[in-house]
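Listed here are the chains, written in short residue letters.
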Amino acid sequence: MELIYEKSRSGRRAVALEPLDVPEAELNSELCRPAAAPLPEVSELDVVRHFTLLSQRNYGVDSQFYPLGSCTMKYNPKVSELVAAHPGFATLHPHLSSAKVYEPVCQGALELVFETERMLAEIGGMQAGCLQPMAGAHGELAGVLLIAAYHRDKGNTHKRTILIPDSAHGTNPASAAMAGFEVREIPSTPAGVMDFDKLVEALDDTVAGVMMTCPNTHGLFEPQVHEVAERAHAVDALLYYDGANLNAIVGKCRPGDLGFDVMHFNLHKTFATPHGMGGPGSGAIAVGERLLPYLPGPRVVKSADGYTLETIPKSMGRMAAFFGNFLIAVRAYAFLRYYGGDGLPSVADNAVLNANYMFARLRGAYQAAFEGTCMHECLLSAVRQADKGIHALDIAKALLDRGFHAPTIYFPLTVKECLMIEPTETESKETMDLFCDAMLEIAQLVDVDPDSLHAAPVTLPVSRLDEVRAAKDLNCACLA
Amino acid sequence: MTWIPVTDSEREEMLGTIGVNSVEDLFAAVPEALRMRGWDMPPGLSEMALRAHMDALAARNKTDLSCFLGGGYYDHFIPAAVDALSGRSEFFTAYTPYQPECAQGTLQSIYEYQSAVCRLAGMECANASLYDGGTAMFEAATMACRATCRTRVVVDGSVNPVWRRMLLTHCAKLELDIVDGADPEGAACVIVQNPSFLGTVRDFADLGERCRAAGALFVVVFNPVSLGMLKTPGAMGADIAVAEGQSLGLPLGFGGPYLGILAARKKLIRKMPGRIVGETLDAQGRRGFVLTLQAREQHIRREKANSNICSNQALCALRALMYLCLMGPEGLRQTAQACHSKAEYLKSRIAAFAPVLNDGPTFHEFAVRLPRPAETVCAELLGRGFLAGLPLAAVGAGEAGDLLVAVTEKRTRAELDAYADALKEVCCGTDL
Ligand SMILES: Cc1ncc(COP(=O)(O)O)c(C=O)c1O
């Protein structure tokens, strides 16, 4: 398909602006660019057709089953989009929260921030929430910086290491390192959980914190999570909860009750805000008692005359200029109010049911990465297929041809030929059955017609793309 | 629950396939003692009740005010096509393009966005987006440290003070030396903002030269709409250019989601954080797009990655691209020109009774010193239907009487006159 730049025709316009109603002011030409920016010159219809056609080259949750493990690609309710577009939220200037004088004109927004943070803290079993972090990874960074602020305040100058299991998402070690910590990796046992003895061995006096995901990225609940918390706290190390997998346990158990001190939520996962082709999401955090004094500020508090902002004396500082991705929080708030405390546990119930159902249907044809029941996602390993020359990548591409988005592949790095399947609670049995049928059919093709799988996908606008060429003949922009 | 489709009889059948008796059996791994005991959550609402509740909350925000508030975030016109097109669910319900063959819409749009950023800012490469302007500035600072193997980050007084605070927060445990000023000697980078936080426009080309001579990278924070008119970061010798992309078709939204723009010279591309889309060919020789240079990223490099960023702000980048395509070169020039002309008109009216604090020409925002506390003046002007501006003391950037006033193309001459009259009256009494 042509680039929008290739559709440009000199002199064509899409937007007519108001004629200037004041005298035209001039700036010294040395401060100005010599010629207008070389943007495309196109009509509104050119733009509309271009992006409509581009959109049709995408798979999305609204059109395809999207069982991308670890990403919780659940249905994004239309009512959440509707309320987030309300001009009463969408047109509010962010600096209304910068000066006291403007607090009276944004009471609804401040209440929404307050109530969302309160509900998140309640769901997490924590003391307080904070909407500032703008994605899960940013929440992780906020969390480890909070841990740093805690140790700084306590004079724990020797605390410089964060322990992270080998099954953790790449953002965990990256966030710890980005904050300035050393990272030490803890191996998993063959059963797929963190090796507790190795953790205890590593828990020396230099350890500032431990980052865990529970259920972990193998789809398994960490059986000794509570003991980990006790051991960590015994050496004054704090425990971070990566909330990417919260969909498995929301309303069933709470990270704070499990012993965690700080966590992030991916509002774009558990609370159904759209993933937006990669973002924006929200990585709101919540903290327990130990970290409460250091929370990013300012905070919204409820007072006799309404909602107001308060600074936090020992605050770690600011992760965002305002309340993070606020319009994402509006969507999550709507989702939480829709389900309410009575409805939320059914989210986890059905997410876990669906994953186990798919696991039960597929674990014969594909090797289960780990035995037993799984939580909200199941991990298969295509090692048997790989022996015959068909890899996880080939299976993923064959699924695309059958009208499904592929599972997450080759993550976590601890599982060979990994296919990580997360159906979420919003998928119907028929959809899951169709997907499982396709997976079983592909498993048969491995024996009878493997070449057809190497060629996949053949039904999409492009076939397999040459990634080596992209990196070698680097072309990342069409310059003027 | 209407968003959960599995029926009771299907549930029984599924449990049979799994080989357990109840859904609770699937949670056996969660120790009994750690299960939830109850919580303080509101009960669920129907969609009808939810919408009424949200309308009531929204109604407690006042949005019919004439807006002169800026401070890095501006009330610009957004063409209807931006909402219509970015609201297509094929875009917004997709995720990161891990499977490029079924994500060419996403990938081509990001490639076109990267191209638009380069064309706008006079740079050679750009990433697929970061969270917002403040985090983009932090990423630029650490990128400069990586590229130069130096640890001093010099922040000029022109930089947004809130972003400066964000930089300090994000770097709290990194052994960096973050200093104020503009001295490039021994520095990893010097960061300047143009127009400055107070709206002043400068040509920083000399500083760019001095940075080059000292081996420091030159980081320029820009306002994307101003580049309809102003000299680009590239033309000033910027090695890295970053911006808050909100003004490119994103609603103000009480703080987000916004768009962190980061562009650089091509020789620095391997030091860049975040996703990058590149062009390539498929097996049949057709053009296509993929995520490239991924060996910089967390999912491959883990603790050695350039950044921890995973989810970014792709949909906001798409909106920015659509906005720039709809505006085109002439539309963006006219928008910038209208912002500037209207701001100059208002500035000259206000200058007649309150001193302007900027030490040079301004683009579409300027600071004035009022004879009364700015918060008091803003409170009185609220009553007259104006968001009068940002009291600078509230963000630690001025004295009690200092007010930052922004003007966009949306303000009419009648609004400017009414605002100037009201401000004068509130500041100087009623004898106009
Ligand atoms: C287990 C896990 N942790 C952390 C993250 C990072 O979250 P985000 O992409 O919102 O930054 C992800 C994202 O996919 C994840 O799967």
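Residues numbered from 1 in each chain as written. Chains lettered and ligands numbered in written order. Predicted model: local features only at pLDDT ≥ 70, side-chain atom pairs only at ≥ 80, totals over all residues. Heavy atoms only, no water.

*Asks:* Could you give an account of the packing of aromatic side chains, naming the residues involved and the relevant values?
*Replies:* This structure, assessed with the given rule, holds 23 aromatic pairs over all chains. Taking 6.2 Å as the distance between ring centres and 55° as the angle between the ring planes, the aromatic pair formed by Phe89(A) and Phe326(A) counts as tilted. Placement of Phe89(A) in helix α3 (residues 87–90) and of Phe326(A) in helix α10 (residues 326–362) is noted, with a sequence separation of 237 residues between them. Owing to a relative accessible area of 0%, Phe89(A) belongs among the buried residues under this scheme. Residue classification places Phe326(A) among the buried positions, given a relative accessible area of 0%. Ring centres 5.0 Å apart and planes at 75° place the aromatic pair Tyr241(A) and Phe260(A) in the edge-to-face group. With Tyr241(A) in strand β5 (residues 238–243) and Phe260(A) in the loop between α9 (255–258) and β6 (262–265), this residue pair connects regions lying 19 residues apart in the sequence. Members of the aromatic cluster, joined through ring pairs, are Phe265(A), Phe271(A), Phe335(A), Tyr338(A), Tyr339(A) and Trp3(B). Positioned over the ring face of Phe359(A) is Arg363(A), at 4.1 Å from the centre of the ring. Lying across the ring of Phe181(A), Lys173(B) places its NZ or CZ 4.7 Å from the centre. (Phe/Tyr/Trp six-rings, centres within 6.5 Å; stacked < 30°, edge-to-face > 60°. Helix = DSSP H or I, 4+ residues; strand = E, 2+ residues; numbered from the N terminus. Buried < 20%, exposed > 50% of the residue type's maximum accessible area, 1.4 Å probe, protein only. Lys NZ or Arg CZ within 6 Å of the ring centre and 35° of its normal.)

*Asks:* Go over the sheet that holds strand β1 (residues 128–130) of chain A with me, naming the residues and quoting the values.
*Replies:* All names here are of chain A. Read from one edge of the open sheet, seven strands run β1-β7-β6-β5-β4-β2-β3, paired in mixed fashion. Of all the strands in the sheet, just β1 and β3 (182–186) have a single pairing partner and so form its edges. Between one strand axis and the next, the sheet turns by 25° as a mean value, whatever way the strands run. Examined bridge by bridge, β6 and strand β7 (residues 285–287) share three bridges and lie antiparallel to one another. The partner of Met-263 across the bridge, within β7, is Ala-286. (Pairing = 2+ DSSP bridges. Axes fitted to C-alpha atoms, helices over the stretch in contact; angles between N-to-C directions.)

*Asks:* Now, about the domain arrangement of chain B: what can you tell me, with residues and values included?
*Replies:* Residues and elements named next belong to chain B. Domain annotation for chain B reports domain 1 (66–76 + 328–428) and domain 2 (80–322). If you average the C-alpha positions of domain 1 and of domain 2, the two centres end up 28 Å apart. With 27 residues of domain 1 at the interface, the matching set in domain 2 holds 24 residues. Roughly 1900 Å² is buried in total at the junction of domain 1 and domain 2, and carbon and sulfur atoms are behind 67% of that figure. A per-residue breakdown of the area domain 1 buries against domain 2 is headed by Tyr-73, Leu-332 and Phe-363, which together make up 33% of the total. Counting every contact that joins domain 1 to domain 2 gives seven residue pairs in polar contact (both at pLDDT 80 or more). For the side of domain 1 that touches domain 2, the secondary-structure elements that each account for two or more residues are α10 (314–351) and β11 (365–369). The greatest single-element share of the side of domain 1 that touches domain 2, amounting to six residues, is contributed by α10. Along the lines of polarity and charge, the residues of the side of domain 1 that touches domain 2 split into 13 nonpolar, 10 polar and four charged. (Domains from an automatic or database assignment. Contact = heavy atoms within 4.5 Å. Buried area = accessible area lost by both parts, 1.4 Å probe. Polar contact = N/O pair within 3.5 Å; in protein donor to acceptor, adjacent residues only side chain to side chain. Nonpolar A, V, L, I, M, F, W, Y, C, P; charged D, E, K, R; others polar.)

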